[in-house]
Amino acid sequence: MKRILVTGGDGQLALSLREIVADKDNEYVFVNREELDITDHNKVSSFIESNNFDFCINCAGYTNVEKAESEVEKSFEINEKAVSNLAKACNKNDIVLIHISTDYVFEGLSDKPYKEEDIANPINVYGKSKLAGELELQKQIDKYYIIRTSWIYSQFGSNFVKTMLRLSKEKDEIQVVSDQIGTPTYAKDLSLFIVYLINNNSEYGIYNYSGLGSTSWFGFVNEIYKLKNITTKVCSKQSDKRVVKRPRYSVLDKSKVLKDFKIKKWEDSLASFLKIYE
């Protein structure tokens, strides 16, 4: 039996992971910020040294893309410093670290899906802080998995799918950007892939994981409304560059994962999710 620490225990990915591992053989220990402040080096070191973990899954992160532009220090504290703290403690105690990163480490100027080895060049504070965390992790530990993912949704927390369903009840017409292309990812699917990595002694390194295919936020909401028979009118709009720069195209190439693991089309995963979420 493996003993596994999961940080960011109140977030949608950790909560999704908790659901699928409830009856599994391994022991998972979920902690939130109140239980373990991962930005505090001494607390991280003490907690990890006093427990016998085999893996640590870092689901914690500063993910508010807009606020990151004005909360730069906080963004880097959580997305870089905290990751460094975990990496140092895991390395010292021979623990494998699994860290969740983002498609936003790429600038978005490509016309084809980004591979793991492509050069990262983020264009906003959020992306820069996440890349800084990746680089710091790789300096501190050899036994790691970095999983870059995108557009996560679930029944937990705040996310695009839940927001669009709420707006459909409040408005007759909404506007959604159509010039940003990426891939939605169901948190349950991502959780299953994380468990796969743990149980299959996969090669350490960076992995891209998101749903198969691609769409825009405009296409995403239209698929949501089609599946739910919602009649709210959806109008396309261009990104407001005055707010915060976002990648124009951030689709991830999943060839590496697909060699050993089946990934669902994003539309199929969305349909599965909407069947259980009202």
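You'll find the structure just up there.
Student: Looking at this structure, how should I read the pairing of strand β4 (residues 96–102)?
Tutor: Looking along a regular strand, one sees the side chains alternate between the two faces of the sheet. The buried fraction of β4 is high, at seven of seven residues. Here β4 shows a buried face lined by V96, I98, I100 and T102 and a second buried face lined by L97, H99 and S101. With four bridges connecting them, strand β3 (residues 55–58) and β4 associate as parallel partners. The partner of N58 across the bridge, within β4, is H99. Judged from the six bridges that link them, β4 and strand β5 (residues 144–149) form a sheet pairing that is parallel.

Student: I keep staring at the nonpolar core and nothing clicks. Help me out?
Tutor: Nonpolar side chains in soluble globular proteins tend to end up buried together. Counting 29 residues, the largest nonpolar core has V6, L17, Y28, I57, I147 and I194 as the members making the most contacts within it. Looking at this core, the elements with two or more residues in it are β1 (3–7), α1 (12–21), β2 (27–30), β3, β4, β5 and α7 (187–199). No other element matches the seven residues that α7 contributes to this core. In this view, L17 contacts V6, Y28, F30, I57, S191 and V195; residues no more than four positions away in its chain are not counted. Of all hydrophobic cores here, the second largest spans 23 residues; its members include L36, F53, C56 and C90.

Student: Quick question: what am I supposed to make of the packing of aromatic side chains here?
Tutor: A ring pair, where both rings are aromatic, is described by two values, the distance of the centres and the angle of the planes. Tallied over the full model, the rule gives 23 aromatic pairs. Both rings, one in Y153 and one in Y186, keep their centres 5.4 Å apart while their planes meet at 5°; by these two values the pair is stacked. Residue Y153 is located in strand β6 (residues 152–153), and its partner Y186 is located in strand β9 (residues 185–186); the two are separated by 33 residues in the primary sequence. The exposure classification of Y153 matches that of Y186, with both residues buried. On the basis of an interplanar angle of 85° and a centroid distance of 5.8 Å, the ring pair of F220 and W266 is categorised as edge-to-face. In this pair, F220 is assigned in helix α8 (residues 217–227) and W266 in helix α10 (residues 266–276), connecting sequence segments 46 residues apart. Classification of W266 as buried rests on a relative accessible area of 4%. Among the aromatic residues, those joined into a cluster by ring pairs are W151, Y153, F160, Y186, W217, F220, W266, F273 and Y277. Above the face of the F30 ring, R18 is positioned so that its terminal group lies 4.3 Å from the ring centre. Positioned above the aromatic ring of Y207, the side-chain terminus of K256 is 4.2 Å from the ring centre.

Rules behind the numbers
- The residue numbers shown here count from 1 along each chain, following its written sequence.
- Two thresholds apply to this predicted model, a pLDDT of at least 70 for residue-level local features and 80 or more for giving and counting side-chain atom pairs, whereas whole-chain, interface and lining totals are computed over all residues.
- Hydrogens and water are ignored here; the side-chain numbers use all heavy atoms of the structure.
- With a 1.4 Å probe rolled over the protein chains alone, any residue whose accessible area is under 20% of its type maximum counts as buried; one over 50% counts as exposed, and the rest are partly exposed.
- Put simply, DSSP H or I for four residues or longer makes a helix, DSSP E for two residues or longer makes a strand, and each gets a number counted from the N terminus.
- Only when DSSP finds a minimum of two bridges between them are two strands counted as paired.
- Nonpolar core, defined: a set of buried Ala, Val, Leu, Ile, Met, Phe, Trp, Tyr and Cys residues in which side-chain atoms within 4.5 Å join the residues together.
- Whether two residues are in contact is decided by their heavy atoms, any of which lying within 4.5 Å being enough.
- Only Phe, Tyr and Trp rings take part, Trp by its six-membered ring, and two of them pair if their centres are within 6.5 Å. Stacked means planes under 30 degrees apart, edge-to-face means over 60, and tilted covers everything else.
- Note on criteria: charge over ring means Lys NZ or Arg CZ within 6 Å of the ring centre, with the direction from the centre no more than 35 degrees off the ring normal.

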